[in-house]
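# A structural walkthrough
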Amino acid sequence: MKAFIAATALALGLPAFAQQEAKPLQPGREALSIPYDKYSLPNGLEVLLARDPKLPVVAVNVWYHVGAYDEQPGRTGFAHLFEHMMFQGSKHVPDDVHIALLEQLGGTDLNGTTNFDRTNYFETVPSNQLATALWLESDRMGFLLDALDEKKLRTQQEVVKNERRQGVETRPYGIAQEKFWQTLFPAPHPYHGKVIGSMADLDAATVEDVKAFFRKWYAPANATLAVVGDFEPQEARALIEKYFATLPSNPKPARPEVAPVKLTEEKLVRHDEKIGTLPLVVIGWHTPPYLSEGDAIADMLGIVLGTGKSSRLYKRLVVDKGLAQSVSASQQSLGAQSVFTVEAVARPGVSSDALVKEIDAVLEEMRRSGPTSAELDQARTRFETQMLAGLQSVGGFGGKADTLQSYNHFRGDPGFLVHDLERYDAVTPERVRDFARDTLKPTERVVLHAVPSPSSPSSTPSKEKP
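These numbers were taken from a predicted model, which means no experiment stands behind them. Along each chain, numbering runs from 1 in the same order as the chain's sequence is written. With pLDDT at 70 or above as the cut-off, local features in this predicted model cover only qualifying residues; side-chain atom pairs require 80 or more to be listed or tallied, and sums for whole chains, interfaces and linings still use all residues. Derived side-chain values reflect all non-hydrogen atoms in the structure, with water molecules and hydrogen atoms excluded from consideration.

With that settled, consider the overall build of the protein. What the protein contains, in helices and strands, is 16 helices and twelve strands. Based on C-alpha atoms, the radius of gyration is set beside the globule rule, defined as 2.2 Å times the residue count to the power 0.38. For 466 residues, the compact-globule estimate of 2.2 N^0.38 gives 23 Å, and the protein sits close to it at 24 Å. Oriented by its inertia axes, the alpha-carbon framework of the protein measures out at about 75 × 55 × 40 Å. Here's how the labels work: a residue is buried when its accessible area is under 20% of the maximum for its type, exposed when over 50%, partly exposed in between, all with a 1.4 Å probe on protein chains only. A burial count over the protein gives 55% of its 466 residues as buried. Every residue pair with non-hydrogen atoms within 4.5 Å of one another is taken to be in contact. Partitioning the intrachain contacts of the protein with sequence separation of at least 6 by distance along the chain shows that 80% fall at a separation of at least 24. Numbering of helices and strands runs from the N terminus; a helix is a DSSP stretch of H or I covering at least four residues, while a strand is a stretch of E covering at least two.

Structure representation (structure tokens):
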């Protein structure tokens, strides 16, 4: 079969590709399988094709292998700013028409997102509109600079600055959370600036900066196109060849190599909160990178500790002791170095120190005894349920296209799903206990106390509860 497909591709003048034969999933998990083909165009663009004819829709999903991690000092927020520019028209697409055109065609789940490790653009369209979706993506990949000017940049700078005002500066605990994060990743670490960047750096961006960024990072050789859904494979490959193969390519840029941050003591951040009305505590530790050893254990620990009303922290801090309004724990998996956090908001009259004391008591129990088998099984079931729900969709956040892209980006293997699930199967109560003991050390963490200012009219006097 593979030989026949390769011969057909050669006869049509299409790029050769290899159908991937992923390791079989365990019985009962067959529905999670995403058969795919992966190949590259001569200009370096990677292509992932996964046919799913269940519904007459197709997802087009482009990942550029650039994120906030790749920004230069003094240019924080640049990857996210550039994501905005990608919706402002290109040589053959007028300003602000990209989204409107897709919506007129019945497109859904269309968006662009930026994080520390990558930037993506995606849409789901009726199957008969695949050509239009591919053309739109190819036009901004190849011809964005033809339509870029000073006015568009200044407009988007103001849009992003407003996002920062809403998401950080005027949001309860926004500035405090930024201080916490920047203490975890001191400058010049590329995670220091957060994805949104600083006002000063956003103001400093110039048209020439944007053009240089595009030429370096938005080359076909630094991008992966995924097409997932109801399409005819040969037709899809021909359309991709038509719209993308002629785009010129620059060499794939090298990503910066940065040494992991290592905390050698507990660092306290005490913030005079001006907007939030109750004390907030956030405790954070550096943890292993996404998909590496320890990352899945941290995911399971986060669920056991702080996901849902049956979690340990919720039962202790919210139900039994009545100390917290809310509490959560989670692993934020990142490409270079992840972060595990526990976060709690106090009830009126409870101090942030009281929250930390009780959180530490729960963590010490976990370091000593680990979770029960029942807790771990419940966490594993919750995780797999979330994954299953995402894979019901071909596009959008967490859909099949995004899943293939994520594994391809971080592991170079779009079919890593079976190995990913095995990571969670291998988690045991003992491994969670050891992780809590060896990684979530009291002496290697950042603790944020964001306490409302006493002068704030909305502040609540602190009064210790027993």
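The next subject is helix α6 (residues 174–184). Considered for burial, the residues of α6 that qualify are Gly-174, Ala-176, Glu-178, Phe-180, Trp-181 and Leu-184. Contacts made by the buried residues of α6 are with α5 (150–169), β8 (267–273), β9 (280–287), β10 (324–332), β11 (338–346) and β12 (446–452).

Mapped onto the elements, Thr-224 comes out in strand β7 (residues 223–229). With a relative accessible area of 0%, Thr-224 lands in the buried category. A polar contact of 2.7 Å, which involves the side chain of Thr-224, links it to the side chain of Glu-46. Those residues in contact with Thr-224 that sit more than four places away from it in its chain are Leu-45, Glu-46, Leu-48, Asn-61, Val-62, Trp-63, His-65, Gln-405 and Asn-408. In protein, a polar contact means a hydrogen-donor-capable atom and an acceptor-capable atom, both N or O and within 3.5 Å, with residues adjacent in sequence counting only if both atoms are side-chain atoms; elsewhere, any N or O pair within 3.5 Å suffices.

Here the focus is the environment of Pro-260. When you line up the elements, Pro-260 lands in the loop between α9 (233–244) and β8. The spacing of Pro-260 and Arg-164 is 96 residues in sequence and 27 Å in space, taken between C-alpha atoms.

Throughout, the edges of the domains are those of an automatic or database domain assignment. Domain boundaries assigned for the protein yield domain 1 (36–245) and domain 2 (266–452). Computed from C-alpha coordinates alone, the two centres of domain 1 and domain 2 are separated by 28 Å. Facing 44 residues of domain 1, the contacting portion of domain 2 comprises 44 residues. Accessible-area loss on putting two parts together, using a 1.4 Å probe and summing over both, is the definition of buried area adopted here. For the pair domain 1 and domain 2, the summed buried area comes to about 3,400 Å², and 67% of that belongs to carbon and sulfur atoms. Ranking the residues of domain 1 by area buried against domain 2 places Trp-63, Tyr-173 and Phe-180 at the top, with a combined share of 21%. Salt bridges are defined by distance alone: a side-chain nitrogen of Lys or Arg within 4 Å of a carboxyl oxygen of Asp or Glu. Between domain 1 and domain 2 we count one salt bridge in total. As a salt-bridge pair, Asp-52 and Lys-400 come within 2.7 Å of each other at their nearest N and O atoms.

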